[in-house]
Amino acid sequence: MTTPTVRVIDSHTEGEPTRVVVAGGPELGPGTAAQRREVFLEQFDGFRSAVCNEPRGFDAMVGALLLPPNDPRAIAQVIFFNNVACLGMCVHGTIGVGETLRHLGRATSGRHRVETPVGDVTIDLRADGSVAVENVESYRTRRDVAVETRFGKVAGDVAWGGNWFFLVSHEQHRQELLASRIAELTDFTWAIREALPRQGITGTDGAEIDHIELFGPPLTAHADSRNFVLCPGREYDRSPCGTGTSAKMACLAADGKLRDGATWRQESILGTCFTGSVRATPRGVIPTVAGRAWITAESTLRLGEDDPFREGIRK
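Source: prediction; values computed, not measured.

Attention shifts here to the packing of helix α1 (residues 33-43) against helix α2 (residues 45-52). Axis separation between α1 and α2 bottoms out at 5 Å; the angle between their running directions is 85°. Relative to α2, α1 is oriented roughly perpendicular. Residues Phe-40, Leu-41 and Gln-43 of α1 lie in contact with α2, whose contacting residues are Asp-45, Phe-47 and Arg-48. Class assignment of the residues belonging to the contact of α1 with α2 gives a composition of 3 nonpolar, 1 polar and 2 charged.

The structure is reproduced here in structure tokens:
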């Protein structure tokens, strides 16, 4: 009996891992990224877990299923997922996909369209080795929303950057954003995450807010801000979080603190940096976020039929 195999290319974007499935993924049929994502969710959740969870992955791993585009003018279609669920969009993952396509010789320098479940985005493979992502439209829906947590009352903004975020300023959270405090920051942000649905605080149409983002002063002179981002699987983002940077810039623009074309440099909890800018729309902004990704491995995952953890150790 032949053991099913999955070919993957691993990378990290400013510290955050991406595992791109380039062969051996499930057959999802024709359709848009949103339609195929629904098929993936309903029929292939075991594949998601096998790729991202132990023993083949780990909690911070983000998977990206590379698919042929629905529109031939796009270079690829991609569905993102992590240790617990599918994601709407993932900018660090899109940077990783761009670097993977360049590594495979499937994309040359310049701009290319990529289809995602929340809309088409554009990647720009730059000569300096960086990848810029022109993300989906991002916007703030609520400002200074108070939530009661076991740490006390905290106020933040609700914004969309391809995923839903609750963004909290340093004046509100008063936490030191240091890598040595990741455990404490995880507890603090998880308390906010748990409190939001209990108090009926959601995104548009009741959408779950599954990312919590704390901001504070940067530790490096070249950055404008430092953040800590808790992702849906209770794991922190090693990168500055591209969809979170998009949501943050949307809030800054709404407050008149970021003009069109101005540069925003977002520092992660590990000290890595994304560079961003925005273009105003009637509802919010079109953000562009740029960073570097590095290829770390080319692997073949084996999904043995008699392996008790063929579908990973589920969360």
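From this point, the narrative continues.
A rise of 1.5 Å per residue sets the reference length of helix α3 (residues 91-104), with its 14 residues, at 20 Å; its end C-alpha atoms lie 20 Å apart and thus fit the reference within 8%. Burial within α3 is extensive, with 11 of its 14 residues counted as buried.

What follows is about the pairing of strand β4 (residues 76-81). Across the 6 residues that make up β4, a large majority, 6, are buried. Here β4 shows a buried face lined by Ala-76, Val-78 and Phe-80 and a second buried face lined by Gln-77, Ile-79 and Phe-81. By the bridge criterion, 5 bridges tie strand β3 (residues 62-67) to β4 in an arrangement that is antiparallel. Counted as the bridge partner of Leu-65 is Ile-79 from β4. With 2 bridges connecting them, β4 and strand β5 (residues 110-116) associate as parallel partners. Across the sheet, the residue bridging to Ala-76 is Val-114, located in β5. Crossover handedness for the path β4 to α3 to β5: right-handed.

We now examine the pairing of strand β14 (residues 273-280). By the bridge criterion, 4 bridges tie strand β13 (residues 264-267) to β14 in an arrangement that is antiparallel. Note that in β14 the partner of Gln-266 across the bridge is Phe-274. Here β13 folds back onto β14 in antiparallel fashion, the turn holding 5 residues, of which Gly-271 has a positive phi close to 95°. With 6 bridges joining them, β14 and strand β15 (residues 285-291) adopt antiparallel strand pairing. Counted as the bridge partner of Ala-280 is Val-285 from β15. Hairpin remark: β14 followed by β15, antiparallel, with 4 residues in the connecting loop.

Thresholds, definitions, all that
Residues numbered from 1 in each chain as written. Predicted model: local features only at pLDDT ≥ 70, side-chain atom pairs only at ≥ 80, totals over all residues. Heavy atoms only, no water. Axes fitted to C-alpha atoms, helices over the stretch in contact; angles between N-to-C directions. Helix = DSSP H or I, 4+ residues; strand = E, 2+ residues; numbered from the N terminus. Parallel < 35°, antiparallel > 145°, perpendicular 65-115°, else oblique. Contact = heavy atoms within 4.5 Å. Nonpolar A, V, L, I, M, F, W, Y, C, P; charged D, E, K, R; others polar. Expected span 1.5 Å × (residues − 1). Buried < 20%, exposed > 50% of the residue type's maximum accessible area, 1.4 Å probe, protein only. Pairing = 2+ DSSP bridges. Right-handed = clockwise from strand over helix to strand, strands pointing away.

The analysis is restricted to geometry; functional conclusions fall outside its scope.
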